[in-house]
Amino acid sequence: MSQTTPSSSDTTGNKHDRADDAIHDKRIRSFVLRQGRMTAAQQRGIDDFLPRYGRTLEDGAFDATEVFGRTAPLVVEVGFGMGASLLQQLQSMPDHDFVGIEVHLPGVGKLLCEAGDLGVDNLRVYRADAVEVLNQCFADESIDLFQLFFPDPWPKKKHHKRRIVQPPFVETIRRKLKIGGRFHLATDWEAYAEHMRDVMNAAPGYQNTAAQGEDFVPRPESRPLTKFEQRGERLGHGVWDLIYRRVS
């Protein structure tokens, strides 16, 4: 699954991409934009359903009650990749509203196509840099659950600085979560799981929800088991889930 502190860009062209590159020159990004080939279905998702589900930085503040027309728990996921697990959540948790943030256009197109064909109402999508979206669009204490599943582990030591789970990002999430809101992280790289744990344990205002004496939690039913993860299990790969609650 792609890492996404998704990249900020217009969903239809490159002009905004270039502008975003200039904006982020001074900040180390945890993603790399890749020009993936679009399938017909993915392009249909962009063409037919972006007007319905898409949001941009230019839309300004995100008022969930106004956007969704109801009051419901708000879940924000960064880096939904091709959208498989997020799509499952949309259907299994219809009493929740979801915002997905992803930089790679094929994944955005796929999710939009499938969500649009299903006619779901509880989804909005940004193709933009997550840090920019959170800082510019979401009020403090407005999110009930923040999800970060299988971000790019950047395994080479020289690239560790690109990992999205760093103190400044974690603090941004803390501010946007409601008191009592949760930050759910998952990875299939043990070294990155340990890095996540260390960063989160050192971050003020969070409490690990794992059982006493444990660092990690069993996969909750709310996180779908993806084909990617099922393949890893068959190969003997581990998966580590961490859930932290905002306490201050």
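The structure presented is a predicted model; accordingly, all values stated were derived computationally and were not measured.

### Comments concerning the overall build of the protein chain
When helices and strands are counted, the protein chain shows 9 helices and 8 strands. Within the protein chain, contacts between residues at least 6 apart in sequence are counted, and of these 79% link residues at least 24 apart. Just so you have it, the protein chain exposes about 11,800 Å², and 49% of that area is on carbon and sulfur atoms.

### A word on the packing of helix H6 (residues 130-137) against helix H7 (residues 167-176)
At a minimum axis distance of 11 Å, the contact between H6 and H7 shows a crossing angle of 35°. Crossing handedness for the pair H6 and H7: left-handed. Contacts between H6 and H7 involve Val-131, Leu-134 and Asn-135 from the former and Phe-169, Thr-172, Ile-173, Arg-175 and Lys-176 from the latter. Counted by class, the contact of H6 with H7 contains 4 nonpolar, 2 polar and 2 charged residues.

### Let's talk about the confidence of the model for the protein chain
Residues of the protein chain with pLDDT of at least 70 account for 85%, and the chain-wide mean is 88. Note on residues 1-25: pLDDT under 50 across the span, and 79 contacts to partners over four residues away in sequence or across chains.

### Re helix H5 (residues 105-118)
A rise of 1.5 Å per residue sets the reference length of H5, with its 14 residues, at 20 Å; its end C-alpha atoms lie 20 Å apart and thus fit the reference within 8%. Extensive coverage of H5 is indicated by the burial of 10 of its 14 residues. Taken as a whole, H5 has its buried residues at Leu-105, Pro-106, Gly-107, Val-108, Gly-109, Leu-111, Leu-112, Cys-113, Ala-115 and Gly-116. Buried residues in H5 make contact with helix H2 (40-53), helix H4 (84-92) and strand E4 (123-126). One or two positions beyond H5, positive phi appears at Gly-119, with a value near 75°.

### Quick notes on the sheet that holds strand E8 (residues 240-246)
On the basis of which strands lie adjacent, the open sheet formed by 8 strands has the order E1-E4-E3-E2-E5-E6-E8-E7 and mixed pairing. Looking along the sheet, the strands with just one partner apiece sit at the ends: strand E1 (54-55) and strand E7 (206-208). Where strand E5 (residues 143-149) lies against strand E6 (residues 177-187), 6 bridges are found, and the strand directions are parallel. By the bridge assignment, Ile-143 is partnered in E6 with Leu-177. Sitting on the sheet, H7 touches E5, E6, E7 and E8, and the angle it makes with E6 is about 140°.

### Describing the nonpolar core
Counting residues in hydrophobic clusters, the biggest one holds 36 residues, and the most contacted among them are Phe-138 and Phe-183. When residues of this core are assigned to their parent elements, the largest contribution, 5 residues, is made by H6. Here Phe-183 is in contact with Phe-146, Leu-148, Phe-169, Val-170, Ile-173, Leu-177, Met-200, Tyr-206, Leu-242, Ile-243 and Tyr-244, once residues within four sequence places are set aside. In this structure, Tyr-53, Leu-87, Val-108 and Ala-115 belong to the second largest nonpolar core, which totals 20 residues.

### Points about H6
Judged by how many residues are buried, H6 sits mostly within the fold: 6 of 8 residues are covered. Taken as a whole, H6 has its buried residues at Ala-130, Val-131, Glu-132, Val-133, Leu-134 and Cys-137. Two or three places before Val-131, at the opening of H6, Asp-129 has a side-chain oxygen 2.8 Å from that residue's backbone nitrogen.

### Let's talk about unusual backbone geometry
In this structure, Glu-141 is a non-glycine residue whose phi angle is positive, near 55°. Relative to the helices and strands, Glu-141 resides in the loop between H6 and E5. Of note in the backbone geometry, Phe-150 takes a positive phi value of approximately 55° without being a glycine.

Criteria and cut-off values
Residues numbered from 1 in each chain as written. Predicted model: local features only at pLDDT ≥ 70, side-chain atom pairs only at ≥ 80, totals over all residues. Heavy atoms only, no water. Helix = DSSP H or I, 4+ residues; strand = E, 2+ residues; numbered from the N terminus. Contact = heavy atoms within 4.5 Å. Areas by Shrake-Rupley, 256 points an atom, 1.4 Å probe, with all protein chains shown as cover. Axes fitted to C-alpha atoms, helices over the stretch in contact; angles between N-to-C directions. Left-handed = near helix turned anticlockwise from the far one by under 90°. Nonpolar A, V, L, I, M, F, W, Y, C, P; charged D, E, K, R; others polar. pLDDT = per-residue confidence, 0-100. Expected span 1.5 Å × (residues − 1). Buried < 20%, exposed > 50% of the residue type's maximum accessible area, 1.4 Å probe, protein only. Pairing = 2+ DSSP bridges. Core = buried A, V, L, I, M, F, W, Y, C linked by side-chain atoms within 4.5 Å. Polar contact = N/O pair within 3.5 Å; in protein donor to acceptor, adjacent residues only side chain to side chain.

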